[in-house]
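Coordinates in review
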Amino acid sequence: MDSYAAQIVGILPEILLIVTAIFAILLDLLSKKEERSWVATISLVGFIGSGIVSVFLWNRVGFVFSGMVAADNFTAVFRILFCFIGAITVLVSPEYLRERKIRLGEYYPILLITVFAMMVMVSAADLLLFFLGLETMSIALYVLACLDRRDSRSTEAALKYFILGAFSTAFLLYGIALIYAQTGSTSYAEIMTALIVLPLEVVTVAGVGLLLIGFAFKVAAVPFHFWSPDVYQGAPTPITAFMSVGPKAAAFVALIRVFTISLESLADIWTGAVFVIAVLTMTLGNVVALRQQNIKRMLAYSSIAHAGYLLVGIVAGGPRAIAATSFYLVAYALMNLGAFTVAMLMNRRGEGDYQLDDYRGAGFAHPLLGVTMAIFMFSLAGIPPTAGFFGKLYLFSAAVEKGYILLVVIAVLNSAVAAYYYLRIIVLMYMTRAEHEMAAVPSFGGYTLTLVVTSVLVLLIGSLPGGLLNLLLAALP
Amino acid sequence: MSHLIFLIILFPLIGVITNTFFTRRWSEAAIGIFSSAMVGASFVLSVAAFISLLGMEASARHIEQVLFDWIRVGSFHAPAALLVDTLSCVMILTVSAVSFLIHIYSIGYMHGDTGFRRYFIFLNLFVFFMLLLVLGSNFLVMFIGWEGVGLCSYLLIGFWYTDEVKATAGKKAFIVNRIGDFGFMLAIFLIWTTFGTIQFDEIIPRMASFPIGSSVITAICLLLFVGAIGKSAQFPLYVWLPDAMAGPTPVSALIHAATMVTAGVYMVARSHFLYSMAPAALEVVAIVGAGTAIFAATIGLVQNDIKKVLAYSTVSQLGYMFLACGVGAYGVAIFHLMTHAFFKALLFLGSGSVIHGMSGEQDIRQMGGLKTKMPKTYWTFLVATLAIAGIPGFSGFFSKDEILWKTFEGHHYVLWVVGVVAAFFTAFYMFRLLYLTFHGKFRGSKSQEQHVHESPSSMTVPLIILAVLAAIGGYVGLPAALGGSNHFEHFLHPVFAGGHAHLLLGGAHHGVEPVEYIVMLISVIVALLGIWLARSGYFRMASWPGKLSKGMIYTTVLNKYYVDQIYDVGISRPTVKFSEIMAEWFDLGVIDGLVNGVAAFFNWVAGWLRRLQTGFVQNYAILMGAGIILVLASLFYKMFF
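Residues numbered from 1 in each chain as written. Chains lettered and ligands numbered in written order. Predicted model: local features only at pLDDT ≥ 70, side-chain atom pairs only at ≥ 80, totals over all residues. Heavy atoms only, no water.

1. Structural notes on the overall build of chain B
- The secondary structure content of chain B amounts to 27 helices and two strands.
- Its C-alpha atoms give chain B a radius of gyration of 28 Å, within 12% of the compact-globule value 26 Å for 641 residues.
- By principal-axis analysis of the C-alpha atoms, chain B measures approximately 105 × 60 × 50 Å.
- Here chain B, with 641 residues, has 58% of them falling under the buried criterion.
- Sequence-distant contacts in chain B: of pairs separated by 6 or more residues, those separated by 24 or more amount to 79%.
- Carbon and sulfur atoms make up 71% of the accessible area of chain B, which amounts to about 24900 Å² in all.
- Between the averaged position of the 36 positive side-chain charges in chain B and that of its 31 negative side-chain charges there is a distance of 8 Å. (Helix = DSSP H or I, 4+ residues; strand = E, 2+ residues; numbered from the N terminus. Rg over C-alpha atoms; globule rule 2.2 N^0.38 Å. Buried < 20%, exposed > 50% of the residue type's maximum accessible area, 1.4 Å probe, protein only. Contact = heavy atoms within 4.5 Å. Areas by Shrake-Rupley, 256 points an atom, 1.4 Å probe, with all protein chains shown as cover. Lys, Arg positive; Asp, Glu negative; His and termini not counted. Charge placed at Lys NZ, Arg CZ, Asp CG, Glu CD.)

Shown next, in the form of structure tokens:
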């Protein structure tokens, strides 16, 4: 990978997204009002194009730009996943924005930039590049969270997110600085070799600790999760759906690259803390989700709980656990996007505000919504034959192999608690009667497509999990 | 060909999907022809697979297609793979051919039924699972098919679910089968823990370290056989099959006679390499098989419902197949499985034609004289009856005689006597059925008599084709003693030779012994004796059947030895009673109390934890700060201690 052109090819998916974003901004500025709906289409094309390019880069490229960018297969998997998430978000957005009367041209370009930044995060092989990606993504997310300017909850949530985010970023950066001070490098590979040689110093440990805190905030792990329920509830729902799966996955991939690989030699030092954080995260997420009456908030806490399960994979470490964590990220993206889409559609009946009570009897009134929501809830609860079941199975069995029996026992007990609030929705949909006449759900092709694609994929991966797992095992960094 | 095997199971699946979603507005004929065509396509592909096997070296007849890597967890690995070897090839040919004919027949039989489309969805789904069962190259894929056909059987027995008796029959079949399935599951678990694989061809080399008669292999074989007993309706789990006659008659023909119920025989034959290592288990298989053969045959002697006679006959014939497996003659078992599929499907379809013509009447005491009114049905039925009775020249003779000969040859003389007596009963009850139904005077009501008619050609054409198969199907396995060269066994031989040849009697054995002719002669004499007795009792109307029916033995047999009642008093009722006690005391008191207690506890904790989320960013920052201190403290603790 010496030639300049070859290096450019390595980051072609990112370039495509940025070009699409710029093009979309210009189009929005220069075109007439009625032509602006093209922006969504252009963005969709951008995501699909970038995803296709990522597919073609499979097995083609390795490290480029002096080892700063890892354009490997592991990156490719997540580039494809992020493009998928982006495309789904674009599909479900136009109707929502029209209804909420959010007529902002920058919505789609910012979304494109966020996904671009997520790709930078996962392909980074250097702490500084990773940090740039992370900050680009975070700033874009602050903006997306408060796009609904007239909604005070939305702006309040975004402000909280910004303050706490800035707070945590400081720790992260400080951690990077300390590690650089000790190892003399910000490259993952060089840090790894340096740490094996160097004696253990207080500075290194402090750096690792601060880095861990920064990551814990980004993945909304307890006790750094406080922003997420408020932000998830306040943000426009398509953005909530996007945030709960995309940026979280990006942060986890970076966590895998930094902690389970680069800092592996210090695993004895940091696994204890991650262990405790994992237990707290899944337990708090699940227990508090039990009492939520608002579906967005319930899914926010559920999202916290799932981050707890994913941390089990980080604790376990090793190729199997990394593959299992990646598998879970894919499965979680599919089922959570689907669940949020149903929530969006249910709310379009114009009653209530994402209340669980809206789901009474909905299974029979809206067959497609009922069936797909049941699939997503079964998958989130980890019941076969869904993707969520195999995600948990692989994750937990990887941890058992490494001897973390206690952690897995706690995680399984947590899954049992979680089953309550997931299955409650199915009970509400199918075993209770609506208190009043159901209004029809105004539907739209993008929603239906999203529901069908995600639910079919959840079932497909749930019945034939081997293909995806083998793909991920082949893509390990 | 190896890349096309999946098409064999794909076509019925396409039928299921298309009929489920897209054919709501199609006419009956279109749905019926489309569904039949899908199965026909499977048949054509099966023939293609057969031809490509023939083109191979005899020892290399083995085509495997790995569709995808299905499950891989830890060291457990199950690929979704299909296997065509000579054994599964015979099975897919038989299954797809008989299924195709029965699909065609069903178009006429189910005409006008409100559930017409649903019926064909289930039927296609059944064919899909049945083919999956026989094509699976490991126990897990086989098990998926096994469970799938069980589901379809349940759905089709209770097809007319508004009739409570029929719905109950469906449930009975499902529950009894669960007992067997549980055994099968345990067997798979044990196979995996013992050999570390569930692939058929990977198990064989790993058996080398086990001695013959090893207890774990015997346990595996017995558990597998529990599964087979359930699915193939052997004693003591046969009780569901007679009740399963509640389903539409083509279903009885396809699922409960020709194909699904033979899955247990196929499974034992497929696991021959295990059974050959477990002589004790083989002994059990042989004894249960022979015992069931005669036990069910005696019940069949006195039944008056045309389908019930055939149902007990099926149970009895399946017993013969297990007897063959039990004496190590797996190839012969499969041979009888195939000929039985032809003549028993024909008998059921013929009975369906009779029931159709008799406006739903199933009691043979109300029939009689149908020979002239339904000639095509009569002549084809006669062919099948001759075949099952074991009259030389017809297919059943060759396969059944081969079983009895192998039993005799293996020095199982008691079992041989049992088999011969059962053959006598078989000839008797089948000809009793034939005479009562088709000969003599019409005994039904006036309106029935006016209405009797021959069935439409969509029903009679399959009958004629099956009659041809039932007549000549046996010649593929013409034994050396009769001047044939037994192509059938030679074809299957490579599969079964892989196991332990010393326990294997079939195939390689060529010498003709004079005693084989004597054994053959005895079978024929016994069959003719049975026919003669039936003729005296039910054609000439001698008085002895009437006298016999007053005796106690007759009553006991008529009530099927009271097995259903014994199960009811001994198993069903105590189970229900126990369940009631458990439901009231244990479930409501202990379990619910515990569950509700746990739920209340978490609810309480949740209410408390929720308060952490105050909404104030200052509070969040403080809690985060506490977290930061704890994380750093834990890291430093690890570093220094």
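2. Quick look at the overall build of chain A
- Secondary structure summary: chain A contains 20 helices and two strands in total.
- Against the globule reference of 23 Å for 477 residues, chain A gives a C-alpha radius of gyration of 21 Å, in line with a compact fold.
- Relative to its full complement of 477 residues, chain A shows a buried share of 64%.
- Taking all contacts inside chain A whose residues are at least 6 apart in sequence as the whole, residues at least 24 apart take part in 81%.
- Accessible surface for chain A amounts to roughly 16400 Å². Of this, 69% is attributable to carbon and sulfur atoms.
- Looking at charge distribution, chain A has the averaged site of its 27 positive side-chain charges lying 7 Å from that of its 26 negative ones.

3. Focus: the pairing of strand S1 (residues 62-73) of chain B
Residue and element names in this part refer to chain B.
- Sheet topology note: the S1/strand S2 (residues 76-85) ladder contains ten bridges and is antiparallel. When the bridges of S2 are listed, Val73 appears paired with Phe76.
- What sits between the antiparallel neighbours S1 and S2 is a turn of two residues, in which Gly74 has the positive phi angle 55°. (Pairing = 2+ DSSP bridges.)

4. Re the interface of chain B and chain A
- Counting residues at the interface gives 33 residues for chain B and 51 residues for chain A.
- The interface formed by chain B and chain A holds zero salt bridges in total.
- For the pair chain B and chain A, the interface holds seven residue pairs in polar contact (both at pLDDT 80 or more).
- Of all the secondary structure elements, the ones that give two or more residues to the side of chain B that touches chain A are S1, helix H26 (563-609) and helix H27 (617-640) of chain B.
- A per-element tally of the side of chain B that touches chain A places H27 of chain B first, with 15 residues.
- The residue makeup of the side of chain B that touches chain A, split by class, is 22 nonpolar, seven polar and four charged. (Salt bridge = Lys/Arg side-chain N within 4 Å of Asp/Glu carboxyl O. Polar contact = N/O pair within 3.5 Å; in protein donor to acceptor, adjacent residues only side chain to side chain. Nonpolar A, V, L, I, M, F, W, Y, C, P; charged D, E, K, R; others polar.)

5. A word on the pattern of salt bridges
- Scanning all chains against the criterion turns up 16 salt bridges over all chains.
- The salt bridge partner of Asp230 of chain A is Lys160 of chain A, with a shortest N-O separation of 2.8 Å. Of the two residues, Asp230 of chain A is situated in helix H10 (residues 227-234) and Lys160 of chain A in helix H7 (residues 152-183); the sequence distance between them amounts to 70 residues.
- One salt bridge connects Asp363 of chain B with Arg365 of chain B, and the closest N-O pair in it is separated by 2.9 Å.
- Three or more residues are tied together by salt bridges with common partners; here these are Glu156, Lys160, Asp230 and Arg297 of chain A.

6. Details of the packing of aromatic side chains
- In the structure shown here, the tally under the stated rule is 58 aromatic pairs over all chains.
- Arranged with centres 5.2 Å apart and planes meeting at 20°, the rings of Phe130 of chain A and Phe215 of chain A form a pair that is stacked. In this pair, Phe130 of chain A sits in helix H6 (residues 127-145) while Phe215 of chain A sits in helix H9 (residues 202-218), placing the two residues 85 residues apart along the sequence. By the burial criterion, Phe130 of chain A is buried, and Phe215 of chain A matches it.
- With a centroid separation of 6.0 Å and 50° between ring planes, the pair formed by Phe431 of chain B and Tyr435 of chain B is classed as tilted. Taken as a pair, Phe431 of chain B and Tyr435 of chain B lie in helix H19 (residues 413-438) at a separation of four residues, close to a single helical turn. Just as Phe431 of chain B is buried, Tyr435 of chain B falls in that class too.
- Joined through ring pairs, the aromatic side chains of Tyr142, Tyr161, Phe162, Phe217, Trp227 and Tyr232 of chain A make up one cluster.
- One residue, Arg118 of chain B, lies across the ring of Phe159 of chain B, its end atom 4.2 Å from the ring centre. (Phe/Tyr/Trp six-rings, centres within 6.5 Å; stacked < 30°, edge-to-face > 60°. Lys NZ or Arg CZ within 6 Å of the ring centre and 35° of its normal.)

7. Remarks on the packing of helix H6 (residues 164-195) of chain B against helix H8 (residues 215-231) of chain B
All names here are of chain B.
- Interaxial distance between H6 and H8 falls to 7 Å at its minimum, and their mutual angle equals 155°. With respect to H8, the axis of H6 lies roughly antiparallel. Helix-helix and strand crossings are classified by hand; for H6 and H8 the assignment is left-handed. Contacts between H6 and H8 involve Asn177, Ile179, Gly180, Asp181, Gly183, Phe184, Leu186, Ala187, Leu190, Ile191, Thr194 and Phe195 from the former and Val216, Ile217, Ala219, Ile220, Leu223, Leu224, Val226, Gly227, Gly230 and Lys231 from the latter. (Axes fitted to C-alpha atoms, helices over the stretch in contact; angles between N-to-C directions. Parallel < 35°, antiparallel > 145°, perpendicular 65-115°, else oblique. Left-handed = near helix turned anticlockwise from the far one by under 90°.)

8. Some thoughts on helix H17 (residues 387-401) of chain A
- Here H17 of chain A is 15 residues long and its end C-alpha atoms lie 21 Å apart, about the 21 Å a rise of 1.5 Å per residue gives.
- Three or more residues of H17 of chain A are buried, namely Ala387, Gly388, Phe390, Gly391, Lys392, Tyr394, Leu395, Phe396, Ala398 and Ala399 of chain A. (Expected span 1.5 Å × (residues − 1).)

9. As for the nonpolar core
- In terms of nonpolar packing, the biggest core is built from 421 residues, with Phe139 and Leu274 of chain B touching the most fellow members.
- Here this core gets 21 residues from one element, more than from any other, and that element is helix H14 (residues 319-347) of chain A.
- Setting aside residues up to four positions removed in sequence, Leu274 of chain B forms contacts with Phe139, Ile191, Phe195, Ile203, Met207, Ile217, Ile220, Cys221 and Leu224 of chain B. (Core = buried A, V, L, I, M, F, W, Y, C linked by side-chain atoms within 4.5 Å.)

10. With respect to the side chain of Arg117 of chain B
All names here are of chain B.
- Residue placement: Arg117 occurs in helix H4 (residues 116-135).
- The charged side chain of Arg117 is buried without a salt bridge, its nearest counter-charge being Glu28 at 11 Å.
- Contacts of Arg117, omitting those with residues within four sequence positions, involve Asn19, Thr20, Thr23, Arg24 and Ile31.

11. A short note on H14 of chain A
- Between its first and last C-alpha atoms H14 of chain A spans 42 Å; for 29 residues at 1.5 Å apiece the expected length is 42 Å, and the two agree.
- Where burial is concerned, most of H14 of chain A is hidden: 27 out of the 29 residues are buried.

12. Some words on a nonpolar patch on the surface
Residues and elements named next belong to chain B.
- Side chains of Ile581, Trp585, Phe586, Val590, Ile591, Leu594, Val595 and Val598 sit close together on the surface and give an oily, nonpolar patch of about 710 Å² of accessible area.
- Assignment of secondary structure puts Trp585 in helix H26.
- On the accessibility criterion, Trp585 (56% relative accessible area) is exposed. (Patch = residues over 30% accessible without salt bridge, like charges linked within 9 Å, V, L, I, M, F, W, Y side chains within 5 Å.)

13. Quick notes on unusual backbone geometry
- Here the bond from Val222 of chain A into Pro223 of chain A is cis, since omega is 0°, no more than 30 degrees from zero.
- With respect to the element layout, Pro223 of chain A can be found in the loop between H9 and H10.
- Non-glycine residue Phe65 of chain A carries a positive phi angle of around 55°.
- Relative to the helices and strands, Phe65 of chain A is located in the loop between strand S1 (63-64) and strand S2 (69-70).
- Judged by relative accessible area, Phe65 of chain A falls into the partly exposed class, the value being 26%.
- Backbone geometry at Ala233 of chain B places phi at a positive 55°, although glycine is not the residue there.
- Inspection of the secondary structure puts Ala233 of chain B in the loop between H8 and helix H9 (240-243).

14. Overview of the packing of helix H18 (residues 395-409) of chain B against helix H23 (residues 514-538) of chain B
Residues and elements named next belong to chain B.
- H23 packs onto H18 with a crossing angle of 125° between their chain directions and a minimal axis gap of 10 Å. Viewed along their axes, H18 and H23 adopt a mutual orientation that is oblique. For the crossing formed where H18 meets H23, the hand is right-handed. Here Phe397, Asp401, Leu404, Trp405 and Phe408 of H18 lie close against H23, whose contacting residues are Val515, Glu516, Val519, Met520, Ser523 and Val524.
- Class assignment for the residues of the contact of H18 with H23 results in eight nonpolar, one polar and two charged.

The quantities given are spatial measurements derived from coordinates; they are silent on function.
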